[in-house]
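The primary structure of each chain is shown beneath.
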Amino acid sequence: DQGTVEFHVIGTTAGGPAVVKFVPSSSDVRFSGTISTGGGDDVVIAATQTPNVFIVHGVIPPGVEEKFWVPVHGIPKYAGDVLDRMLRDRGVSLVTPPKVARAPLTAPALWNHSSPPLHALIKRMLYESNNHFAEQILDTIGGIEGSGRTRDGLAEERKLLAGAGVPMPGLHVVDGSGLAHANRVATITLASVLVDAERRGGANRLYYLLPEGGRQGTLRHYDFTSALGRVRAKSGHLDGVSALAGYVNTRRHGRIVFAFAIDGSPGDPDGAIVRAVDRLSVM
């Protein structure tokens, strides 16, 4: 399931705690917290700074079951643990537990799978807002010069940003997907990354990997008016936070970069961002 674990949250009787479980079962995944059963519907499953440890909270109506898919880290070890449990459930016991290591040259290959090209993976990640792809791409970057863990990918990310002269005020990133609530990134950092891609000369490959506003991917339901057909961007949402960063082709001033992030708005932050981009497009 694209390296995610599937949380099931089931409302019980009003006032009681909801049932929270995840499939497939694995000792690599843990969670803490409680979701109550009540009149509202606001379930949150948040990543922490510890890989594969989650915090749950919120409320779900009685008798309702909801499913959530969240990325897991350390896919080889996780997959081995899940496979071990699946075999044991079917009466097959392993002599030794699974381990992550280099396969011997004489080991038979049970299955080979070729990846799509990198640009196709990045485009799908940006169109779908695919959190798993983001985590795995970051870990792969970390494996070029390091161990292939998230911290090495984050170190390479900072080196790349510094080399491009991208400002990083208050930057604090702990994962590749941006799901952890500990993440902090300034809009000037996002905008500067987009500017750097535009300045590299030739066709801006990043521009064509982003979905069109109001037409494609996670932006297909955004109600752009004057900016329709003129904007390519990436949306972002967490509990109480809405963001949009990308490019808009204005009528008189060419292509410009924008980055908006609104935290804790009691109104309609997505609508406010759309209206702002519409105004930019007629400049």
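The notes below deal with the structure included here. (Residues numbered from 1 in each chain as written. Predicted model: local features only at pLDDT ≥ 70, side-chain atom pairs only at ≥ 80, totals over all residues. Heavy atoms only, no water.)

Quick look at the environment of Gly 165 now. Considering the arrangement of structural elements, one finds Gly 165 in the loop between α4 (150-163) and α5 (187-199). In the structure, Gly 165 is positioned 75 residues away from Arg 90 in sequence and 55 Å away in space, judged by C-alpha atoms. (Helix = DSSP H or I, 4+ residues; strand = E, 2+ residues; numbered from the N terminus.)

Further remarks concern helix α3 (residues 131-145). Those residues of α3 not exposed but buried are His 132, Phe 133, Ala 134, Glu 135, Leu 138, Asp 139 and Gly 142. Looking at the packing, one finds that the buried side of α3 touches β1 (4-10), β6 (65-71), α1 (75-89), α2 (118-128) and α4. (Buried < 20%, exposed > 50% of the residue type's maximum accessible area, 1.4 Å probe, protein only. Contact = heavy atoms within 4.5 Å.)

Before going further, it helps to examine the layout of surface pockets. There is about 500 Å³ of room inside the second largest pocket. Lining of the second largest pocket is provided by 28 residues; of these, Pro 76, Tyr 78, Ala 79, Gly 80 and Asp 81 occupy positions nearest its centre. Those elements giving two or more residues to the lining of the second largest pocket turn out to be β1 and α1. If you tally residues by element for the lining of the second largest pocket, the top one is α1, at 12 residues. Partitioned by chemical class, the residues of the lining of the second largest pocket number 17 nonpolar, four polar and seven charged. (1 Å grid on protein atoms, 1.4 Å probe; cavity = no way out; pocket = protein on both sides within 12 Å on 5 of 7 lines; lining within 4 Å. Points joined across faces, edges and corners; volume = space filled by probe spheres on them. Nonpolar A, V, L, I, M, F, W, Y, C, P; charged D, E, K, R; others polar.)

Counting 17 residues, the largest nonpolar core has Val 5, Phe 7, Val 9, Val 29, Ile 35 and Ile 45 as its most contacted members. For this core, the secondary-structure elements that each account for two or more residues are β1, β2 (19-23), β4 (42-47), β5 (53-60) and α1. Residues contacting Val 5, with those up to four places away along its chain left out, are Phe 22, Val 23, Pro 24, Val 29, Phe 68, Trp 69, Val 70, Val 72 and Tyr 78. (Core = buried A, V, L, I, M, F, W, Y, C linked by side-chain atoms within 4.5 Å.)

Structurally, Ser 26 can be placed in the loop between β2 and β3 (30-37). Accessibility expressed as a relative area gives 5% for Ser 26, which makes it buried. Residues Ser 26 and Val 59, 33 residues apart in the sequence, show an inter-C-alpha distance of 25 Å. Residue contacts for Ser 26: discarding those within four places in its chain leaves Tyr 78, Asp 81, Val 82 and Arg 85. There is a polar contact of 3.0 Å between the side chain of Ser 26 and the backbone nitrogen of Asp 28. (Polar contact = N/O pair within 3.5 Å; in protein donor to acceptor, adjacent residues only side chain to side chain.)

Under the defined criterion, the tally for this structure stands at nine salt bridges. In this structure, Arg 88 engages Asp 84 in a salt bridge whose closest nitrogen and oxygen atoms are separated by 3.0 Å. With Arg 88 and Asp 84 both in helix α1, this residue pair falls four residues apart, about one helical turn. One salt bridge connects Glu 212 with Arg 232, and the closest N-O pair in it is separated by 3.7 Å. Of this pair, Glu 212 sits in the loop between α6 (205-209) and β7 (231-238) while Arg 232 is found in strand β7, placing the two residues 20 residues apart along the sequence. (Salt bridge = Lys/Arg side-chain N within 4 Å of Asp/Glu carboxyl O.)

Once that is clear, we can look at the packing of α3 against α4. Contact geometry for α3 and α4: axes closest at 7 Å, N-to-C directions at 80°. The angle between the axes of α3 and α4 places the two elements in the roughly perpendicular class. For the pair formed by α3 and α4, the contact residues are Leu 138, Asp 139, Ile 141, Gly 142 and Glu 145 on the first element and Thr 150, Asp 152, Gly 153, Leu 154, Glu 156 and Glu 157 on the second. Taken together, the residues that form the contact of α3 with α4 break down as three nonpolar, three polar and five charged. (Axes fitted to C-alpha atoms, helices over the stretch in contact; angles between N-to-C directions. Parallel < 35°, antiparallel > 145°, perpendicular 65-115°, else oblique.)

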